[in-house]
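Examining the three-dimensional arrangement
Single-letter residue listing:
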Amino acid sequence: MEKSELSTRDRMCSVAGGMAGLLVDREIPSRLIPFRGEFPLLNMIEAIRFREAIRSTMWIEDLPPKFLYAAAEGSRIARLEREFRHYLSRNGLKSGDFEKLEDAEKSEWLRWWMEADSVSADDLVVKKYRDEATPVSKSLGDPAMPVAEKREIYDDLVTRRAYWDDLCFEFGRVSWEKKLLNLALYIHYGGDLEVVLARYKENHPDYADRIPHSLAYYISYLRTGEATSVLNNFLLERVCLSESRLTALLTAELRERLEEVFRWDGGTNSAWTVGIDYRGEEKMDEIVTTLDIEKGREYLIFGNLTIKPFIMETKETLLKENPWRVLAEMLAEKDYAEAPENLVCPDERAVIDAYNETAPDLRKIRCEGVPEPVHGDFFNAKVAILTLNPGWVEQTAEVPGNAGTLKKMTPDQRRKFLRTKADAMLLNGIPFPTEDEDLLAIDTRYWNNLLGEVLKRWPDAPKYLTIVEYLGYHSKKYGNIPTRLVKSESGLLPTQEFAVRLVRYLMNKSVTIVICRSARRWFRAVEGLESYPNLVLLKNPRRPYLTPNNCKDDGFEKIEAALNE
């Protein structure tokens, strides 16, 4: 390159190098002009050294050849973009508004600018610097390059700490746009973020805890143009999405937002860009304020995705897909003159009968007892209690037992009792525990005892409590139904899978969750529950009293905060 090609000022590293330094490592050098060529001009390491070199060098011709070329071409790209911005401004169009135009309109504006400023099509071509001794490599845009080879290139990029450790120095050195584009292209060429993150955890176990934060930042940046916004806090702290769900959400966003960059002459183009909703937070707020709470939360999670990567529980889905409905409707509609028998969901009867054939009496499921999968006003709960399954007490002369509860009632009391239980199955339960004499039963007295401290401090607590059972059926002692009988992928009965969905819904609403019994089973069943920030565990699950002394790690304060809210 001859000195005469550039003015004295443009030959200064502080000018040309400074302009070029902002874009030499960009995959897409301009969001406004569709430059063609092999990008970036410099790789990540070269870009770092380039920026160090321009700080200590006066004239760009004193730079190493490759850096000289990057400074000249980079500053030329920057000048052309600046001139195009000025042209748009002179004609009453902001660059942000230009980006929102359809491709055909963009092409028109570009053509008008090129004619007005005497810019040729060749001016939009940027050739990457090549040492004559170095063989030319295929660009990623070359259709002849195998997809697997392209995927390997991006796989090497996106497994670095610069992508997943938001606290490390390297993280801030790579722009959000560049990282998101590389992640999107990795996925486009068949990559799997789950695989990348699994390998990253093996190589960087000490930094794996930052992955969820990085995922939330990426999603927030795509939708708002800001990594730190109300959205990333909502995804992490309010609805507490697990790492796998955040990964699925980011993958879906990148798939839908990756697009080929338009070209002014309407031809094909091998350059790519990721659509980012800059200043999208204001629009997001406007939309959410017009929706009810359920729909608003769903919109904040999924945004404008056309295909949702996972099911997000809502009140509507839970009511519609409740497997207890058939049994609940039967209980509510029949006029029981006698105590009912064989109260089992029809779809689960064969499995439970097979289990009971070989189960010891202590662990048999008592089908004559009314199932109690849920207690309380579920959808208004502030505190949820997770336990194992309702117990069973045999009838004696001194103790009425579970069966005796129904037998000693009058027909009217029995109908009221059963319909109340049916309403609870349908997630429309009354406040629990109750003081209604007609509804007092063994389970009510049991929970009155365990919740004594809570009820004493907050007399209206029953309005805001719900209890979810891991298994809704009664037994003297819990017995695990073998998976060979259940034959489901999860190893759970349909009603148990529904209990898992109920817990996910509660987590999405940031309800305080107390595990009274069998934390390990709940952790295996509900993804993300073990790390849920509003989780309370008990010191002695065999005596699951909700008291300050029996809650681990000041967990009673979480209960207190929820009930005082």
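Residues numbered from 1 in each chain as written. Predicted model: local features only at pLDDT ≥ 70, side-chain atom pairs only at ≥ 80, totals over all residues. Heavy atoms only, no water.

This brings us to the environment of E83. Position of E83 among the secondary structure elements: in helix α3 (residues 65–90). The spacing of E83 and W113 is 30 residues in sequence and 9.1 Å in space, taken between C-alpha atoms. (Helix = DSSP H or I, 4+ residues; strand = E, 2+ residues; numbered from the N terminus.)

Further remarks concern the confidence of the model for the chain. With 87% of its residues at a pLDDT of at least 70, the chain reaches an overall mean of 83. A low-confidence stretch, residues 132–142 stays under pLDDT 50, and its non-local contacts, those more than four residues away or across chains, total 14 contacts. This model gives residues 262–270 a pLDDT under 50, and the stretch forms 23 contacts once residues within four places in sequence are excluded. (pLDDT = per-residue confidence, 0-100. Contact = heavy atoms within 4.5 Å.)

In this structure, D166 sits in the loop between α7 (161–164) and α8 (176–188). There is a polar contact of 2.8 Å between the side chain of D166 and the side chain of R210. Leaving out residues up to four positions away in the same chain, D166 has contacts with F171, R210, H213, S214 and Y217. (Polar contact = N/O pair within 3.5 Å; in protein donor to acceptor, adjacent residues only side chain to side chain.)

A grouping of E102, D103, E105 and E259 is seen on the molecular surface, where their side chains present a negatively charged patch. Assignment of secondary structure puts D103 in helix α5 (residues 103–116). (Patch = residues over 30% accessible without salt bridge, like charges linked within 9 Å, V, L, I, M, F, W, Y side chains within 5 Å. Areas by Shrake-Rupley, 256 points an atom, 1.4 Å probe, with all protein chains shown as cover. Salt bridge = Lys/Arg side-chain N within 4 Å of Asp/Glu carboxyl O. Lys, Arg positive; Asp, Glu negative; His and termini not counted. Charge placed at Lys NZ, Arg CZ, Asp CG, Glu CD.)

What follows deals with the sheet that holds strand β9 (residues 535–537). Within a sheet, each strand pairs with its neighbour through backbone hydrogen bonds, oriented either parallel or antiparallel. Pairing within the open sheet is mixed, and its 5 strands lie in the order β5-β7-β6-β8-β9. Both edges of this open sheet fall to β5 (374–376) and β9, since each of them pairs with a single strand only. This sheet shows a mean twist of 20 degrees between the axes of neighbouring strands, independent of strand direction. Direction of pairing for strand β6 (residues 383–387) relative to strand β8 (residues 512–515): parallel, over a ladder of 4 bridges. Each residue of the ladder has a partner; that of L386, found in β8, is I515. (Pairing = 2+ DSSP bridges. Axes fitted to C-alpha atoms, helices over the stretch in contact; angles between N-to-C directions.)

Geometrically, a packed helix pair is captured by the angle between its two axes and the distance between the axes. Between helix α10 (residues 211–224) and helix α12 (residues 243–257), the least distance of the axes is 9 Å, while the angle of their chain directions is 30 degrees. On the basis of their axis angle, the class for α10 and α12 is roughly parallel. Note that α10 runs across α12; the crossing there is left-handed. Here I211, P212, L215, Y218, I219, L222 and R223 of α10 come into contact with α12, specifically with E243, L246, T247, L249, L250, E253, L254 and R257. Looking at the contact of α10 with α12, its residues break down into 10 nonpolar, 1 polar and 4 charged. (Parallel < 35°, antiparallel > 145°, perpendicular 65-115°, else oblique. Left-handed = near helix turned anticlockwise from the far one by under 90°. Nonpolar A, V, L, I, M, F, W, Y, C, P; charged D, E, K, R; others polar.)

With that out of the way, let us pick up the packing of aromatic side chains. Considering all chains together, one arrives at 22 aromatic pairs under this definition. Relative to W113, the ring of F84 has its centre 5.0 Å away and its plane inclined at 50 degrees; by these criteria the two rings are tilted. Of this pair, F84 sits in helix α3 while W113 is found in helix α5, placing the two residues 29 residues apart along the sequence. Comparing F84 with W113, the two get one shared label, buried. (Phe/Tyr/Trp six-rings, centres within 6.5 Å; stacked < 30°, edge-to-face > 60°. Buried < 20%, exposed > 50% of the residue type's maximum accessible area, 1.4 Å probe, protein only.)

Turning next to α8. Taking 1.5 Å of rise per residue, the 13 residues of α8 would be expected to cover 18 Å, and the 18 Å separating its terminal C-alpha atoms lies within 8% of that figure. Among the 13 residues in α8, 10 count as buried, and that is most of the element. Those residues of α8 that fall on the buried side of the exposure criterion are K178, K179, L180, L181, N182, L183, A184, L185, Y186 and I187. Within two residues after α8, G190 carries a phi angle of roughly 100 degrees, on the positive side. (Expected span 1.5 Å × (residues − 1).)

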